[in-house]
Amino acid sequence: MAARNVTRGTVIADRVEVAGGLWAKFLGLMGRASLAPGAALWLPDENGIHMLFMRFPIDAIFVGRPAAGQGDARPVVAVRRRLRPWTGVVPFVRGGHGCLELPAGAIDASGTALGDLVTIE
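Below is a short write-up of the structure. Here the structure is a predicted model, which is why all the values come from computation and not from measurement.

Spatial ordering of the open sheet is given by β2-β1-β10-β7-β6-β9-β4-β3, a layout of 8 strands whose pairing is mixed. The outermost strands of the open sheet, each flanked by one partner alone, are β2 (10–13) and β3 (15–18). Strand-to-strand twist across the sheet, computed as the mean angle between neighbouring axes with direction ignored, equals 35°. Examined bridge by bridge, strand β6 (residues 58–63) and strand β9 (residues 98–103) share 5 bridges and lie antiparallel to one another. Across the sheet, residue Phe-62 finds its bridge partner in β9, namely Cys-99.

Structure follows, in structure tokens:
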């Protein structure tokens, strides 16, 4: 799977892993030493994440429900850059219905901003 910024025509991540179940969402990236460039973890239907037991900083893109008339494209409702490990819960995002966890710096590299349309395919 891949995550693309449709608005800007950029690839956010070309290797997206899905954490679909409750346990997979809870574990997230805990216990991993890093997240490779171009990789991401997709947490569908989530509007909040935590940084407990994390060993490295990450970027997070929160998206809303698919936009009407835009197919599977979802609007970006929040971006969180360089979330620090061991900082606890990241505040819930109003309107969030999915979170893409990325290596730190990925948001800026893809040019992703609030309101852009993103696909996870």
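A surface patch of nonpolar side chains, amounting to about 340 Å² of accessible area, comprises Trp-23, Phe-26 and Leu-27. For Phe-26, a relative accessible area of 44% translates into the label partly exposed.

Within the largest apolar cluster, 18 residues are counted, with the highest numbers of intra-cluster contacts made by Leu-29, Ile-49, Ile-58, Phe-62 and Leu-83. The residues touching Ile-58, leaving out its near neighbours within four places in the chain, are Leu-29, Ile-49, Met-51, Arg-80, Arg-81, Arg-82, Leu-83, Glu-101, Leu-102 and Ala-104. One finds Trp-42, Leu-102, Ile-107 and Val-118 within the second-largest nonpolar core, a separate group that totals 16 residues.

The final tally for this structure, using the stated rule, is 6 salt bridges. A salt bridge links Arg-8 to Asp-116; the shortest N-O distance between them is 2.6 Å. In this pair, Arg-8 sits in the loop between β1 (3–5) and β2 while Asp-116 sits in the loop between α2 (106–110) and β10 (117–120), placing the two residues 108 residues apart along the sequence. Residue class for Arg-8 comes out partly exposed when judged on its relative accessible area of 44%.

Let us look at unusual backbone geometry. In this structure, Phe-53 takes a positive phi of about 65° despite not being glycine. Classification of Phe-53 as partly exposed rests on a relative accessible area of 48%. Notably, Trp-86 is not glycine yet its phi reads approximately 65°, a positive angle. With respect to the secondary-structure elements, Trp-86 resides in the loop between β7 (74–83) and β8 (89–90). Judged by its relative accessible area of 56%, Trp-86 falls in the exposed class.

Parameters and conventions
- Residues numbered from 1 in each chain as written.
- Predicted model: local features only at pLDDT ≥ 70, side-chain atom pairs only at ≥ 80, totals over all residues.
- Heavy atoms only, no water.
- Pairing = 2+ DSSP bridges.
- Helix = DSSP H or I, 4+ residues; strand = E, 2+ residues; numbered from the N terminus.
- Axes fitted to C-alpha atoms, helices over the stretch in contact; angles between N-to-C directions.
- Patch = residues over 30% accessible without salt bridge, like charges linked within 9 Å, V, L, I, M, F, W, Y side chains within 5 Å.
- Areas by Shrake-Rupley, 256 points an atom, 1.4 Å probe, with all protein chains shown as cover.
- Salt bridge = Lys/Arg side-chain N within 4 Å of Asp/Glu carboxyl O.
- Buried < 20%, exposed > 50% of the residue type's maximum accessible area, 1.4 Å probe, protein only.
- Core = buried A, V, L, I, M, F, W, Y, C linked by side-chain atoms within 4.5 Å.
- Contact = heavy atoms within 4.5 Å.

Purely spatial values, then, with no claim about function.
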